[in-house]
Amino acid sequence: LLSFFLYFLFLVCYGLMDFLNWEFYYVPYKMMGAPVFWIVLFGVPGTALYIDFFIKYVRRELCPTLMDIATEADYFMNKELETASGLTANNNVTTKFMKF
């Protein structure tokens, strides 16, 4: 989020400085008016995140670590306790005895 803000700040400041590079003067404002700019701005990071999440999902499903197995077992244990006893997630057996 900070990198997006700094990128826009750079575009605004550098686009107004005609004494540094007169060929780039007001280019960011025309660039931001094009739909392709916005598609690429959000599409590239979105695609990268989608690929990362997909790889993480496949790795977790095919080669789970002990932490992944324990997390899933805890989730299903709490889910069964909630349905069997009518307790909520804040009042179940695991959280009742394991207060830190």
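Look up: the structure comes first, before these words.
On a predicted model such as this, the values are computed, not experimentally measured, just so you know. Going along each chain's sequence as written, the residues are numbered from 1 onward. In keeping with the model being predicted, local features are shown solely for residues with a pLDDT of at least 70 and side-chain atom pairs are shown and tallied solely at 80 or more, while totals for entire chains, interfaces and linings include all residues. Hydrogens and waters are ignored; side-chain quantities use all the structure's heavy atoms.

What follows deals with the overall build of the chain. Across its full length, the chain carries five helices and zero strands. Secondary structure elements in the chain, listed N-terminal to C-terminal, are α-α-α-α-α. Residue contacts follow a heavy-atom distance rule, with two residues in contact if any of their heavy atoms lie within 4.5 Å. In the chain, the proportion of contacts linking residues at least 24 apart, taken out of those at least 6 apart, comes to 26%. With residues, only the protein chains shown are counted as cover, and all accessible areas are computed by Shrake-Rupley using a 1.4 Å probe. Of the roughly 8,600 Å² of accessible surface on the chain, 72% is carried by carbon and sulfur atoms. Going along the chain from the N terminus, every DSSP run of H or I of four or more residues is numbered as a helix, and every run of E of two or more is numbered as a strand.

Any two rings among Phe, Tyr and Trp, with Trp reduced to its six-membered ring, count as a pair given centres within 6.5 Å; such a pair is stacked if its planes are under 30 degrees apart, edge-to-face if over 60, and tilted if neither. One pass over the structure, following the stated rule, counts ten aromatic pairs. Arranged with centres 5.2 Å apart and planes meeting at 70°, the rings of Tyr-75 and Phe-76 form a pair that is edge-to-face. On the basis of relative accessible area, Phe-76 is assigned to the partly exposed category, the value being 39%. Taken together, the ring pairs connect Phe-4, Tyr-7, Phe-8, Phe-37, Trp-38 and Phe-42 into an aromatic cluster. Note on exposure labels: buried denotes an accessible area under 20% of the residue type's maximum, exposed denotes more than 50%, and partly exposed covers the range between, all computed with a 1.4 Å probe on protein chains only.

A few words now on unusual backbone geometry. Phi is positive for Tyr-26, close to 65°, though the residue is something other than glycine. Within the secondary structure layout, Tyr-26 lies in the loop between helix H1 (2-16) and helix H2 (27-32).

Relative orientation of the contacting elements H1 and helix H3 (residues 35-62) amounts to 150°, with a least axis distance of 13 Å. By the angle between their directions, the pair H1 and H3 is classed as roughly antiparallel. At the point where H1 passes H3, the crossing takes the right-handed sense. From H1, Phe-4, Tyr-7, Phe-8 and Leu-11 reach across to H3, where they touch Phe-37, Trp-38, Leu-41 and Pro-45. Polar here means any residue outside two lists: the nonpolar Ala, Val, Leu, Ile, Met, Phe, Trp, Tyr, Cys and Pro, and the charged Asp, Glu, Lys and Arg; Gly therefore counts as polar. Class assignment of the residues belonging to the contact of H1 with H3 gives a composition of eight nonpolar, no polar and no charged. A fitted line through C-alpha atoms serves as each axis, taken over the contacting stretch for helices, and the angle formed by two N-to-C directions is quoted from 0 to 180°. Between 65 and 115 degrees an angle is taken as roughly perpendicular, under 35 as roughly parallel, over 145 as roughly antiparallel, and anywhere else as oblique. In this scheme, a crossing is called left-handed if the near helix is turned counterclockwise away from the far one by less than a right angle; it is called right-handed if the turn is clockwise.

This next bit is on the pattern of salt bridges. Whenever Lys or Arg places a side-chain nitrogen within 4 Å of a carboxyl oxygen from Asp or Glu, that contact is recorded as a salt bridge. This model, assessed by the stated rule, comprises one salt bridge. Across the salt bridge formed by Asp-68 and Arg-60, the nearest N and O atoms sit 3.5 Å from each other. Residue class for Asp-68 comes out buried when judged on its relative accessible area of 15%. Residue classification places Arg-60 among the partly exposed residues on the basis of a relative accessible area of 40%.

What follows deals with the environment of Gly-15. Within the secondary structure, Gly-15 sits in helix H1. Judged by its relative accessible area of 0%, Gly-15 falls in the buried class. Non-local contacts of Gly-15, meaning those with residues more than four positions away in its chain, are made with Phe-10, Phe-24, Tyr-25, Tyr-26 and Pro-28.

Turning next to a nonpolar patch on the surface. Residues forming no salt bridge and having over 30% relative accessible area are the ones grouped into patches, like charges within 9 Å of each other and nonpolar side chains (Val, Leu, Ile, Met, Phe, Trp, Tyr) within 5 Å. Judged by side-chain polarity, Val-12, Leu-16, Tyr-25, Tyr-26 and Tyr-29 come together as a nonpolar surface patch covering roughly 430 Å² of accessible area. Mapping Val-12 onto the fold places it in helix H1.

These values are about where atoms sit, not about what they do.
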